[in-house]
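So the chains spell out like this:
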Amino acid sequence: MSAIEIVNPLAQIENTFNTTRVSKIAATLGLDYTFWNNFKFSSKFQINHANVRDDIFRPEVDYGPGKTLNQTGNEIVDNGADFDDYTWDNYLTYTNTFNEKHNLTVLLGTSIFRTKGLFYGRTGTTDTNTNRFGDAISDLDGTVTLTPRFNDAAIAVGNNIFDDRLGSVFGRVQYNYNGKYLISVALRRDGSSKFAEDNRYGYFPTGSIGWNISDEPFLEDSSWLNSLKLRASYGVIGNDRIPSFGFVSLLTGEATYAPGNEVTQDDLLNGTAIGLIGNPSLKWEEQVAQNIGFDARLFDSKVSLSLDLFSRKTEDLLLSPQASGLIGSAAPGSALPFVNAGTVENKGIEISVGYNNRIGDDFEFNLGFNITTLDNKVVSLNGNIPPVGGEFGVGISQTGISRMIPGQPLGHFYGYKTDGIYQTQAEINALNASSPEGTYHEGAAPGDLKFVDVNGDGEITADDRTNIGDPIAEVTMGFNLGFQYKNIDFSATAFASIGNDMVRDYERKNLYANRGTYMLERWQGSGTSNSVPRAVGGASINTDLFSDFYVEDASFLRLQNVQVGYTFNEKQLEGLGVDKLRIYVSGNNLFTLSDYFGYDPSASNGAPIGSGIDKGFYPVAKSYLLGVNLNF
Amino acid sequence: MKNILKTIMLVLIIGLAACDDYIEVDPVGPDADDYFNNQAEYESALIGAYDLLQASFWNVLAGVVASDDYAAGGDSFNYDQPTLQNINLMIQTPADENQLRDIWNLMYAGINRTNYILEFKNKTDFAGKDEIIAQTYFLRAYYTFELVKFLEIYL
């Protein structure tokens, strides 16, 4: 009588046969035409095509009584998809220099983008053992029941295709005086097929100014300063990354009724129902970026330094928050509408420092370091109700554990704060005595997590939930190191993220399922542990309620890449008809230092609300490459 | 030279003008506001409204274990359907809202689908429409009744 969805993972791997084949082709056709000396017309057409085929074989398998992963009869799935995108850019550039010092560039252009996809496939099942892995569906004619991936009703409402388009018109003016004072102003008008006609177009201006101070007479002869540039910019960019037709309710919902006497697929009754619920007032999300900073090179250009103060404000953030079932979106094939939720601000400083030098004739090296601080905060909401998202719990889930609340980081985790473990019943009795209802915390027993009474009303209720961490890193850092000694070259890059929290949410509550080794340190009697609660089966405040016991600091340092190469001398290559030969060994993702207990501290689903919840992400693989660069 | 210039100007002008038409994409199939034009579409939407009856097995499960007639069974220590066990013992908390949340969501989804038909009940006339509308009213009443059985709702 163990939980019905747990099976031996090795057996699961042995019985999984998935093959995905991807074929891609890309082409670009360009044309430049210069006339009247200063004018240039450019046209560029780009096309990408990809075909993806998935072959899945699911053999008949019995993992035990009542297991949900049991497979009755063999099943073959043959799914495919075609993706195509086209970009066509046309622009006219005017470049001129007046009085040898005034440099002007004016650009005017249009751009069209289209991306479309077609999905198809079929599933064949049989209750005989005639098919083996490697059999194609066509080999099984007559012995299998074939089910198309999309039935006629789904194709009639376009569930098997997508087609999104973007059209832009843009202009840009760049002017500089003798390369010393630079100014650039641009405006673009983007139109997206993802918004209703009234909100389809967005106007996005950008502007920047720059000053090459090192070209000024008072710094021109500086012995230590090779270059110094001050710059400032302001810009707005639009974002339309949401599903197609979010502005209208389409009849793409699932409405299949099994009348009870069905024999084949054709006997099912297919009706119509609303799919994704439309929000006609959807509009462009706008990111307003402001930046001020400088770039400098010092001491014979051995040292480079750049500093930026930035603020990126995302207005009308597009997302699909969880909402009440009253909206009626729980039906199959339906989904909650996307909304323009509010404004979020990211502020910070970005510093990067580099140093390169040469020692002797044979040794050359470079070092680089960059650091970015990030302060993320929700500024305001479009509406009164804070959007929620995210889910916690394997099997038994709680929704709305991530929230968007003004003044707090976007998508912060919302749950109970804990302060150790109840060690004795006397401790609980004392709290009950001072509680207004006589029960401080319903269901608490010695060995359970001690929740903090955040609002101070003398009892633990849902109102005591608060911000218990957020998935956004406060500081990120990058390191790189490289050197060249005679024929040998070496490079290494590392990345660090500090202050990002992660919810440990890949463990079942079932006591017979595997748990982390930290469970060995659990509370087993007064004074045994003040951090890991007792093991308890069934309902428990420890496992049923989302608390900071499950939120971990997922800061990490990762060695992303190390490469060692050897380049052969020209002499060694003489007579081989080879101009250059280099062999190298490269390792990616070699190690990660982190206190995070799960597999991958960098895993995230990227959702604005609901990211940083680790449901057992497949970790980034470690990879080693042996390579040869050959030039003829 | 002049011909090439003319071509360039033409491409730019067409580009500017065609742009707006190009990004006008019509969805495949009707949108929800442009439906109920004939009997078949009313019947099709009615199948959609019936669909959620198939989800009411949750109601039966939760209903029988809440009654004195059945026990949820299973092993509470081993997390075998703990939320049903909690309903059985009448100790469900907001955290183990699985079945009750599903009932709430799915029955309101059913009500939503019936309301969709009723919103357009006067759009197109045909013989036998009264029967379809009557079935729709019945389904809405039934979904509402299922909700009232379990939860406090605003009627």
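Residues numbered from 1 in each chain as written. Chains lettered and ligands numbered in written order. Predicted model: local features only at pLDDT ≥ 70, side-chain atom pairs only at ≥ 80, totals over all residues. Heavy atoms only, no water.

Caption draft 1: Geometry of the overall build of chain B. From N to C terminus, chain B includes six helices and zero strands. Reading chain B from its N end, one meets helices and strands in the order α-α-α-α-α-α. Sorting the 155 residues of chain B into buried and exposed places 43% on the buried side. A total accessible area of about 8,400 Å² is found for chain B, and carbon and sulfur atoms account for 58% of it. (Helix = DSSP H or I, 4+ residues; strand = E, 2+ residues; numbered from the N terminus. Buried < 20%, exposed > 50% of the residue type's maximum accessible area, 1.4 Å probe, protein only. Areas by Shrake-Rupley, 256 points an atom, 1.4 Å probe, with all protein chains shown as cover.)

Caption draft 2: Representation of the overall build of chain A within the structure. Each helix and strand counted, chain A has six helices and 32 strands in total. Projected onto the principal axes, the alpha-carbon positions of chain A cover approximately 85 × 70 × 65 Å. Summed over its atoms, the accessible surface of chain A is roughly 32,800 Å², and 54% of this surface lies on carbon and sulfur atoms. Charge separation in chain A, taken as the distance between the mean sites of 48 positive and 74 negative side-chain charges, equals 6 Å. (Lys, Arg positive; Asp, Glu negative; His and termini not counted. Charge placed at Lys NZ, Arg CZ, Asp CG, Glu CD.)

Caption draft 3: Seen up close, the interface of chain A and chain B. Contacts between the two partners involve 72 residues from chain A and, on the opposite side, 52 residues from chain B. Applying the counting criterion to the chain A and chain B interface returns one salt bridge. A salt bridge links Glu-24 of chain B to Arg-200 of chain A; the nearest nitrogen and oxygen atoms lie 3.5 Å apart. Examining the composition of the side of chain A that touches chain B, we find that seven residues originate from one element, strand S6 (residues 161–177) of chain A, more than from any other. Of the residues that constitute the side of chain A that touches chain B, the class distribution is 37 nonpolar, 26 polar and nine charged. (Contact = heavy atoms within 4.5 Å. Salt bridge = Lys/Arg side-chain N within 4 Å of Asp/Glu carboxyl O. Nonpolar A, V, L, I, M, F, W, Y, C, P; charged D, E, K, R; others polar.)

Caption draft 4: Molecular detail of the pattern of salt bridges. All names here are of chain A. Applying the stated criterion across every chain, the model contains 23 salt bridges over all chains. The partner of Glu-507 in a salt bridge is Arg-504, with the nearest N and O atoms 3.5 Å apart. The salt bridge involving Asp-600 is made with Arg-558; its shortest N-O contact spans 2.9 Å. Taken as a pair, Asp-600 in the loop between strand S30 (580–594) and strand S31 (613–614) and Arg-558 in strand S29 (residues 556–567) lie far apart in primary sequence, 42 residues in all. Each of the two residues, Asp-600 as well as Arg-558, counts as buried. Here the residues in one salt-bridge network are Arg-53, Asp-78 and Arg-122, joined through shared partners.

Caption draft 5: The confidence of the model for chain A, seen in detail. With 96% of its residues at a pLDDT of at least 70, chain A reaches an overall mean of 87. Highest mean pLDDT in chain A belongs to strand S26 (residues 488–498) of chain A (94); lowest belongs to helix H6 (residues 570–573) of chain A (76). (pLDDT = per-residue confidence, 0-100.)

Caption draft 6: View of the nonpolar core. Judged by nonpolar contacts, the single largest core of 35 residues is most densely connected at Phe-36, Leu-52, Tyr-116 and Ile-117 of chain B. Here this core gets ten residues from one element, more than from any other, and that element is helix H5 (residues 98–119) of chain B. Setting aside residues up to four positions removed in sequence, Leu-52 of chain B forms contacts with Ala-331 of chain A together with Leu-106, Met-107, Ala-109, Gly-110, Arg-113 and Tyr-143 of chain B. Grouped together as the second largest cluster of nonpolar side chains are 25 residues, Phe-413, Ile-541, Leu-545 and Val-551 of chain A included. (Core = buried A, V, L, I, M, F, W, Y, C linked by side-chain atoms within 4.5 Å.)

Caption draft 7: Focus on unusual backbone geometry. Residue and element names in this part refer to chain A. Here Trp-36, not a glycine, exhibits a phi torsion of approximately 50 degrees, which is positive. Mapped onto the fold, Trp-36 is located in the loop between strand S1 (17–35) and strand S2 (39–58). Of note, the phi angle at Asp-300 is positive, near 55 degrees, even though the residue is not glycine. Note on placement: Asp-300 falls in the loop between strand S12 (285–298) and strand S13 (303–315).

Caption draft 8: Spotlight on a negative patch on the surface. Residues Asp-152, Glu-262, Asp-266 and Asp-267 of chain A make up a contiguous surface patch of negative charge. For Asp-267 of chain A, the location among the structural elements is in the loop between strand S10 (256–257) and strand S11 (269–270). (Patch = residues over 30% accessible without salt bridge, like charges linked within 9 Å, V, L, I, M, F, W, Y side chains within 5 Å.)

Caption draft 9: Focus on helix H3 (residues 57–66) of chain B. Those residues of H3 of chain B lying buried are Asn-59, Ala-62 and Val-65 of chain B. On an axial view of H3 of chain B, the arc spanned by its buried residues comes to 145 degrees, and they lie on one face. (Arc of directions from axis to C-beta.)

Caption draft 10: Main features of the packing of aromatic side chains. Residue and element names in this part refer to chain A. Inspection of every chain in the model, using the stated rule, returns 41 aromatic pairs over all chains. The interplanar angle of 55 degrees and the centroid separation of 4.9 Å between the aromatic rings of Phe-392 and Tyr-550 together place this pair among those described as tilted. With Phe-392 in strand S19 (residues 388–392) and Tyr-550 in the loop between helix H5 (541–544) and strand S28 (551–553), this pair connects stretches of sequence that are 158 residues apart. The class for Tyr-550 is buried, based on a relative accessible area of 4%. Here the aromatic residues Tyr-355, Phe-363, Phe-365, Phe-483, Tyr-485 and Phe-490 are joined through ring pairs into a cluster of three or more. Note that Arg-189 overlies the ring of Tyr-201, its terminal NZ or CZ placed 4.0 Å from the centroid. (Phe/Tyr/Trp six-rings, centres within 6.5 Å; stacked < 30°, edge-to-face > 60°. Lys NZ or Arg CZ within 6 Å of the ring centre and 35° of its normal.)

Caption draft 11: Broad picture of a nonpolar patch on the surface. Taken together, the side chains of Tyr-181, Trp-211, Phe-218 and Leu-230 of chain A define a hydrophobic patch exposed on the protein surface, amounting to about 400 Å² of accessible area. Looking at where Phe-218 of chain A falls in the secondary structure, it is placed in helix H3 (residues 217–220).

Caption draft 12: Representation of the domain arrangement of chain A within the structure. All names here are of chain A. Here chain A is described as being made up of domain 1 (1–149), domain 2 (167–340), domain 3 (341–416 + 465–632) and domain 4 (421–464). Distance between the C-alpha centres of domain 1 and domain 2: 24 Å. Across the domain 1-domain 2 interface, the total number found is zero salt bridges. The interface formed by domain 1 and domain 2 includes seven residue pairs in polar contact (both at pLDDT 80 or more). Take the side of domain 1 that touches domain 2: its biggest share by element is ten residues, from strand S4 (residues 102–126). (Domains from an automatic or database assignment. Polar contact = N/O pair within 3.5 Å; in protein donor to acceptor, adjacent residues only side chain to side chain.)

Caption draft 13: Summary view of the sheet that holds strand S24 (residues 466–467) of chain A. Residue and element names in this part refer to chain A. Pairing is antiparallel in the open sheet, where four strands are placed in the order S19-S20-S21-S24. Looking along the sheet, the strands with just one partner apiece sit at the ends: S19 and S24. The sheet contact formed by strand S21 (residues 412–415) and S24 spans two bridges and is antiparallel. Paired with Gly-415 across the bridge in S24 is Thr-466. (Pairing = 2+ DSSP bridges.)

Caption draft 14: Spatial organisation of the sheet that holds S28 of chain A. Residues and elements named next belong to chain A. Here we have three strands laid out as an open sheet, ordered S28-S27-S31, and mixed in their pairing. Strands with a single pairing partner mark the edges of an open sheet, and in this sheet they are S28 and S31. As paired elements, strand S27 (residues 501–504) and S31 share two bridges and run parallel to each other. Bridge pairing in S31 links Arg-504 to Asp-614.

Caption draft 15: The arrangement of the side chain of Asp-78 of chain A in detail. Along the chain, Asp-78 of chain A falls in strand S3 (residues 74–98). Separated by 3.3 Å, the side chains of Asp-78 of chain A and Arg-53 of chain A make a polar contact.

Caption draft 16: Structural context of the side chain of Ser-329 of chain A. Residues and elements named next belong to chain A. Along the polypeptide, Ser-329 turns up in the loop between strand S14 (318–319) and strand S15 (339–340). The exposure class assigned to Ser-329 is buried, which follows from its relative accessible area of 12%. Setting aside its immediate chain neighbours within four residues, Ser-329 contacts Ile-277, Ser-334, Ala-335 and Leu-336.

Caption draft 17: Expanded view of the environment of Tyr-86 of chain A. Residues and elements named next belong to chain A. You can see Tyr-86 is positioned in strand S3. Residue classification places Tyr-86 among the partly exposed positions, given a relative accessible area of 21%. Separated by 37 residues in sequence, Tyr-86 and His-49 have C-alpha atoms that sit 8.9 Å apart.

Caption draft 18: Representation of the environment of Pro-471 of chain A in the model. Residues and elements named next belong to chain A. Summarising the element assignment, Pro-471 is placed in the loop between S24 and strand S25 (475–485). Using a relative accessible area of 18% as the deciding quantity, one classes Pro-471 as buried. For Pro-471 and Val-353, which are 118 residues apart along the polypeptide, the C-alpha to C-alpha distance reads 27 Å. The contacts of Pro-471, once residues within four sequence positions are left out, are Leu-410, Gly-411, Phe-413, Asn-500, Asp-501, Ser-611 and Gly-612.

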